[in-house]
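So the chains spell out like this:
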Amino acid sequence: MAADVDKTPAGEPKDDHDEDRATPSSRRARSRFKQLSSLFLIAAVPLFGFCIKYYQDTQFLLQEAGLKALGADGLFFFSSLDTDHDLYLSPEEFKPIAEKLTGVAPPPEFEEEIPHDPNGETLTLHAKMQPLLLESMTKSKDGFLGVSHSSLSGLRSWKHPAVPSSTFYASQFKVFLPPSGKSALGDTWWIIPSELNIFTGYLPNNRYHPPTPRGKEVLIHSLLSMFHPRPFVKSRFAPQGAVACIRAASDFYYDIVFRIHAEFQLNDVPGFPFWFTPGQFAGNIILSKDASHVREFHLYVPNDKSLNVDMEWLYGASESSNMEVDIGYLPQMELRAEGPSTPSVIYDEQGNMIDSRGEGGEPIQFVFEEIVWSAELSREEASGHLEVTMYPFKKVPYLPFSEAFSKTPKNGNNKEYEQLEHSPVLALLNQSFISSWSLVKELEDLQKNLDLSKKARLHLEEYTFPVEMMVALPNGTVVHHINANNFLDQTSMKPEEEEGPAISFSAGFEDPSTSTYIRFLQEGLEKARPYLES
């Protein structure tokens, strides 16, 4: 026993050779400890793997139990609410159902409007527009036969901006700054989020005056009011709202691109509603990270396509009145800053306020430093991020007609599919379809192409103005199609107006257009199956 006792006096260092003088029993104890440590480490690896396997098996069993209890549609519906995928619904996740059943939605949250510094910098914007070319409308081909003069009165009389020039505080443009956690290039966020989903349906057509803007809507409404006095910052149909993305960044500045889906009501009583809906309002703003200075601002309706505006007008004042639809070309609608924002009050070196006009009455000229971007994206790439945020299904590539028929859908087991499968429409498009879009003029030209003439002809035979969505076989045979007007009619129906169940389980809680699109794709697959199986 004495041999196992440490005889080194307290405070004295142990001899370096103590290990050599250790007794056999102490060496065996340490050896056993090392063996046990190694054994524990070796055992920990399979234990960790067992835990992962146990978790996966548990999740699988819960999924199986959910499928057994709810069925496929019911589990899909449950999963669309279960945003954190823990197979339990929190009160926040259950909120859409509660709002539907009770008919009462909590009041929307708006950011408090920050008072603007009267001594801050100001920015002058100028509005320019060229009226819509009436000859670009389809109805013009027959001299607007059957279209009452009063229906188009608001359109015909709108030839100039309502407010050619207006001054804003630079701090008002703070609404374009990214929120917390969205400071990387390519990050997107909603300035004005969409409020449309499968339950809210669409916003009414029989309106003349926009609702009072709140929060960040105030600036967007003020900007669009320079064009026309009745802008609606949220369009009636999805995707609605405004989204932004960081294109470039420096130490003190951001270049932010944005996209707004809004529309105007051109008629007032006693005329019937006439909706004027540009394809989008695009633009960018270069501003300091504290929004005290705006270097550039530009907002415009893109005019690089042959048609860029949708128009709809009612033949009655009620929601059920007949509606006419047309499209046309707007050559110009834009807002542009006169120059960088400048101080509204100027002080000299002694702190005394001085006149903004120098000697001789000429305005004082300001010199601005050059901005050197530390990182940036191309405008096209940044705009692509905005488009995908507005239209998530565009994560799936859309090919030209000439390329689409040489491709095959991707296997549902690949990694890209796994990344998309959380969204039913993306999963469906990626697994079973090759996506494409074409202008009528392009298809007419392709009829001269020996390889594609038949396919182009088959598509043109099924086309009806203004837009036709089609599902076709690899040989070009169109098995299913729907016109845009019919599509909009379906998305305009609120759930309680539809035949069958009040809630569409298969569509989840997407906006009405996405839900209808999913149904259209599924019907197309069903109609194609007999051809593919033969």
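Rules used throughout
Residues numbered from 1 in each chain as written. Predicted model: local features only at pLDDT ≥ 70, side-chain atom pairs only at ≥ 80, totals over all residues. Heavy atoms only, no water. Helix = DSSP H or I, 4+ residues; strand = E, 2+ residues; numbered from the N terminus. Buried < 20%, exposed > 50% of the residue type's maximum accessible area, 1.4 Å probe, protein only. Contact = heavy atoms within 4.5 Å. Areas by Shrake-Rupley, 256 points an atom, 1.4 Å probe, with all protein chains shown as cover. Pairing = 2+ DSSP bridges. Salt bridge = Lys/Arg side-chain N within 4 Å of Asp/Glu carboxyl O. Core = buried A, V, L, I, M, F, W, Y, C linked by side-chain atoms within 4.5 Å. Expected span 1.5 Å × (residues − 1). Arc of directions from axis to C-beta. Polar contact = N/O pair within 3.5 Å; in protein donor to acceptor, adjacent residues only side chain to side chain. pLDDT = per-residue confidence, 0-100.

## Points about the overall build of the protein
Link 1 in the chain: Looking only at helices and strands, one finds 13 helices and 21 strands in the protein.
Link 2 in the chain: By the burial criterion, 38% of the 534 residues in the protein qualify as buried.
Link 3 in the chain: Counting only contacts in the protein whose residues sit at least 6 apart along the sequence, the fraction spanning at least 24 positions is 68%.
Link 4 in the chain: Only carbon and sulfur atoms are counted for the fraction: they give 56% of the accessible area of the protein, which is about 30,900 Å².

## Some thoughts on the pairing of strand 20 (residues 468-472)
Link 1 in the chain: Of the strand pairs in this sheet, strand 20 and strand 21 (residues 478-483) are connected by 5 bridges, and their pairing is antiparallel. Paired with Met470 across the strands is His481, a residue of strand 21.
Link 2 in the chain: Hairpin connection between strand 20 and strand 21: a loop of 5 residues separates the two successive antiparallel strands, and Gly476 in this loop has a positive phi of roughly 95 degrees.

## What about the pattern of salt bridges?
Link 1 in the chain: In this structure the tally under the stated criterion is 15 salt bridges.
Link 2 in the chain: Between Arg236 and Glu312 there is a salt bridge, with its nearest N and O atoms 2.9 Å apart. Of the two residues, Arg236 sits in the loop between strand 4 (231-232) and strand 5 (241-249) while Glu312 sits in strand 11 (residues 309-314), which places them 76 residues apart along the sequence. The same class applies to Arg236 as to Glu312, namely buried.
Link 3 in the chain: Taken together, the shared-partner salt bridges connect Glu195, Glu217 and Lys234 into one network.

## Things to note about the nonpolar core
Link 1 in the chain: Counting 55 residues, the largest nonpolar core has Phe173, Phe176, Phe227, Phe276, Phe281 and Phe297 as its most contacted members.
Link 2 in the chain: Each residue touching Phe297, except ones within four places of it in the same chain, is listed here: Leu123, Leu125, Phe173, Phe176, Leu223, Phe258, Asn284, Ile285, Leu335, Arg336 and Ala337.
Link 3 in the chain: Among the nonpolar cores identified, the runner-up in size contains 17 residues, and Val396, Val479, Ile482 and Phe487 belong to it.

## Quick notes on the sheet that holds strand 4
Link 1 in the chain: Spatially, 4-7-8-11-12 is the arrangement adopted by the 5 strands of the open sheet, whose pairing is antiparallel. The sheet is open, and its two edges are formed by strand 4 and strand 12 (323-328), each paired on a single side.
Link 2 in the chain: Pairing geometry for strand 11 and strand 12, over 6 bridges, is antiparallel. Along strand 12, the bridge assignment pairs Trp313 with Glu324.

## Here's the deal with the side chain of Glu312
Link 1 in the chain: Judged by relative accessible area, which is 3%, Glu312 ranks as buried.
Link 2 in the chain: Aside from chain neighbours lying at most four places away, what touches Glu312 is Arg236, Phe237, Pro273, Phe274, Trp275, Met323, Glu324, Val325 and Leu488.

## Structural notes on helix 6 (residues 379-390)
Link 1 in the chain: Between its first and last C-alpha atoms helix 6 spans 17 Å; for 12 residues at 1.5 Å apiece the expected length is 16 Å, and the two agree.
Link 2 in the chain: Considered for burial, the residues of helix 6 that qualify are Ala382, Leu386 and Met390. In a view along the axis of helix 6, the buried residues occupy a sector of 85 degrees, so they form one face of it.
Link 3 in the chain: Against strand 3 (188-192), strand 5 and strand 6 (253-261) lie the buried residues of helix 6.

## Description of the environment of Lys289
Link 1 in the chain: Mapping Lys289 onto the fold places it in the loop between strand 9 (281-288) and strand 10 (294-300).
Link 2 in the chain: Residue class for Lys289 comes out partly exposed when judged on its relative accessible area of 35%.
Link 3 in the chain: C-alpha separation for the pair Lys289 and Tyr253, spaced 36 residues apart in sequence, amounts to 5.4 Å.
Link 4 in the chain: Look past the residues within four positions of Lys289 in its chain and what remains in contact with it is Leu177, Ser250, Asp251, Phe252, Tyr253 and Tyr254.
Link 5 in the chain: Polar side-chain contacts of Lys289 include one of 2.9 Å to the backbone oxygen of Ser250.

## Some details on the pairing of strand 6
The side chains of a regular strand alternate between the sheet's two faces.
Link 1 in the chain: Within strand 6, 9 of the 9 residues are buried, which leaves the element mostly enclosed by the surrounding structure.
Link 2 in the chain: What you see with strand 6 is no split at all: Tyr253, Asp255, Val257, Arg259 and His261 on one side and Tyr254, Ile256, Phe258 and Ile260 on the other are buried throughout.
Link 3 in the chain: Pairing analysis gives 8 bridges linking strand 6 to strand 9, with the strands arranged antiparallel. Of the residues in strand 9, the one forming a bridge with Asp255 is Ile286.

## Topic: the confidence of the model for the protein
Link 1 in the chain: Per-chain confidence: the protein averages 80 in pLDDT, with 73% of residues scoring 70 or above.
Link 2 in the chain: A low-confidence stretch, residues 1-22 (pLDDT under 50), is modelled with 13 contacts involving residues beyond four sequence positions or located in other chains.
Link 3 in the chain: The low-confidence segment residues 500-509, where pLDDT is below 50, has 25 contacts with residues more than four positions distant or belonging to other chains.

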